[in-house]
Amino acid sequence: PTIFGRILEGTQPAITLVEDEELISIEDKYPRAPLHALVIPKQYIKSINTLSGVTSTSTAVTRTTATATHENYPLNLLTNMKQMAIATVQVSQPNAYKNGDYILCFHIPPFTSVKHLHLHVLAPASEMKVQYRWGKYLVGTPWCADLEDVIMNQMKMS
């Protein structure tokens, strides 16, 4: 398994911020902002590029709808990831949340460090080093996608 798989198995330590039946939010081992969390699905999904063909293996009711179908599972998953990310920012960096000073993004293959879907939650973005804010985590580039753009693309595919 990937490093995230080992964390989910409990064989690799991590600092858990929030967890539910579907997702876990952990502190990034190498933070690039005062808050650098990763929201990770417990179900293995390789990347945002493989998300559209995924169906839920969970019997858990999602937070977004009690009537989720397999067809809209990727969209529900992304929405749930967003909700967990926003909650993490609200609790850990309330001023950054209030000011919209945060980034929610995915890296795009082949620019992923771990082959297990994970959402980066970075706040305050204004306190990030230049090479991270305007480089590695710059959304709208070939290597980094904004969560909202990924949600919109998934909605078009649904």
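In this report, we go over the structure that sits alongside the text. (Residues numbered from 1 in each chain as written. Predicted model: local features only at pLDDT ≥ 70, side-chain atom pairs only at ≥ 80, totals over all residues. Heavy atoms only, no water.)

## Overview of the overall build of the protein chain
Secondary structure summary: the protein chain contains five helices and six strands in total. Going residue by residue from the N terminus, the α and β elements of the protein chain occur as α-β-β-β-α-α-β-β-α-β-α. For the protein chain, whose C-alpha radius of gyration is 15 Å, the value lies close to the compact-globule estimate of 15 Å for 158 residues. Along the three orthogonal principal directions, the C-alpha set of the protein chain runs to about 40 × 35 × 30 Å. Considering the protein chain as a whole, with its 158 residues, one finds that 44% of them fall into the buried category. For the protein chain, the proportion of contacts with a sequence separation of at least 24, taken over those separated by at least 6, is 58%. Surface exposure of the protein chain reaches about 8,400 Å², of which carbon and sulfur atoms provide 55%. A gap of 8 Å separates the mean positions of the 13 positive and 13 negative side-chain charges of the protein chain. (Helix = DSSP H or I, 4+ residues; strand = E, 2+ residues; numbered from the N terminus. Rg over C-alpha atoms; globule rule 2.2 N^0.38 Å. Buried < 20%, exposed > 50% of the residue type's maximum accessible area, 1.4 Å probe, protein only. Contact = heavy atoms within 4.5 Å. Areas by Shrake-Rupley, 256 points an atom, 1.4 Å probe, with all protein chains shown as cover. Lys, Arg positive; Asp, Glu negative; His and termini not counted. Charge placed at Lys NZ, Arg CZ, Asp CG, Glu CD.)

## Re the sheet that holds strand β1 (residues 16-19)
Here we have six strands laid out as an open sheet, ordered β1-β2-β3-β5-β4-β6, and antiparallel in their pairing. Of all the strands in the sheet, the pair left with one neighbour each is β1 and β6 (144-146). When the angles between neighbouring strand axes are averaged without regard to direction, this sheet yields 25 degrees. Two elements, strand β4 (residues 103-107) and β6, share three bridges in a ladder whose sense is antiparallel. Residue pairing across strands places Cys 105 opposite Asp 146, the latter belonging to β6. In the packing of helix α2 (residues 73-92) onto the sheet, contacts are made with β1, β2 (23-27), β3 (35-41), β4 and β5 (119-123), and the angle to β3 comes to roughly 155 degrees. Lying on the sheet, helix α5 (residues 147-157) is in contact with β4, β5 and β6; it crosses β6 at an angle near 75 degrees. (Pairing = 2+ DSSP bridges. Axes fitted to C-alpha atoms, helices over the stretch in contact; angles between N-to-C directions.)

## Examining the packing of α2 against α5
Running from N to C, α2 and α5 cross one another at 160 degrees; their axes reach a closest spacing of 9 Å. In terms of axis orientation, α2 runs roughly antiparallel to α5. The hand of the α2/α5 crossing is left-handed. Two secondary-structure elements touch here, α2 through Pro 74, Leu 75, Leu 78 and Lys 82 and α5 through Leu 147, Glu 148, Val 150, Ile 151, Gln 154 and Met 155. (Parallel < 35°, antiparallel > 145°, perpendicular 65-115°, else oblique. Left-handed = near helix turned anticlockwise from the far one by under 90°.)

## Some points on the environment of Val 91
You can see Val 91 is positioned in helix α2. As for Val 91 and Leu 17, which are separated by 74 residues in sequence, their C-alpha atoms are 10.0 Å apart.

## As for the nonpolar core
Judged by nonpolar contacts, the single largest core of 29 residues is most densely connected at Met 81, Phe 106, Leu 119 and Val 121. Listed by contribution, the elements that provide at least two residues to this core are β3, α2, β4, β5 and α5. Considering every element that reaches this core, the biggest residue donor is α2, with nine residues. Leaving out residues up to four positions away in the same chain, Met 81 has contacts with Leu 23, Val 39, Pro 41, Phe 106, Leu 117, His 118 and Leu 119. One finds Ile 103, Ala 125, Tyr 137 and Cys 144 within the second-largest nonpolar core, a separate group that totals nine residues. (Core = buried A, V, L, I, M, F, W, Y, C linked by side-chain atoms within 4.5 Å.)

## Topic: the packing of aromatic side chains
Each aromatic ring pair is described using two quantities: the centre-to-centre distance and the angle formed by the ring planes. Under the counting rule described, the total for this entry stands at three aromatic pairs. Ring geometry for Phe 111 and Trp 143: centres 6.4 Å apart, planes at 70 degrees, overall edge-to-face. With Phe 111 in the loop between β4 and β5 and Trp 143 in the loop between α4 (130-136) and β6, this pair connects stretches of sequence that are 32 residues apart. Judged by its relative accessible area of 45%, Phe 111 falls in the partly exposed class. Relative to Tyr 137, the ring of Tyr 132 has its centre 6.5 Å away and its plane inclined at 50 degrees; by these criteria the two rings are tilted. The pair Tyr 132 / Tyr 137 is uniform in exposure class, with both members buried. Note that Arg 133 overlies the ring of Trp 134, its terminal NZ or CZ placed 4.2 Å from the centroid. (Phe/Tyr/Trp six-rings, centres within 6.5 Å; stacked < 30°, edge-to-face > 60°. Lys NZ or Arg CZ within 6 Å of the ring centre and 35° of its normal.)

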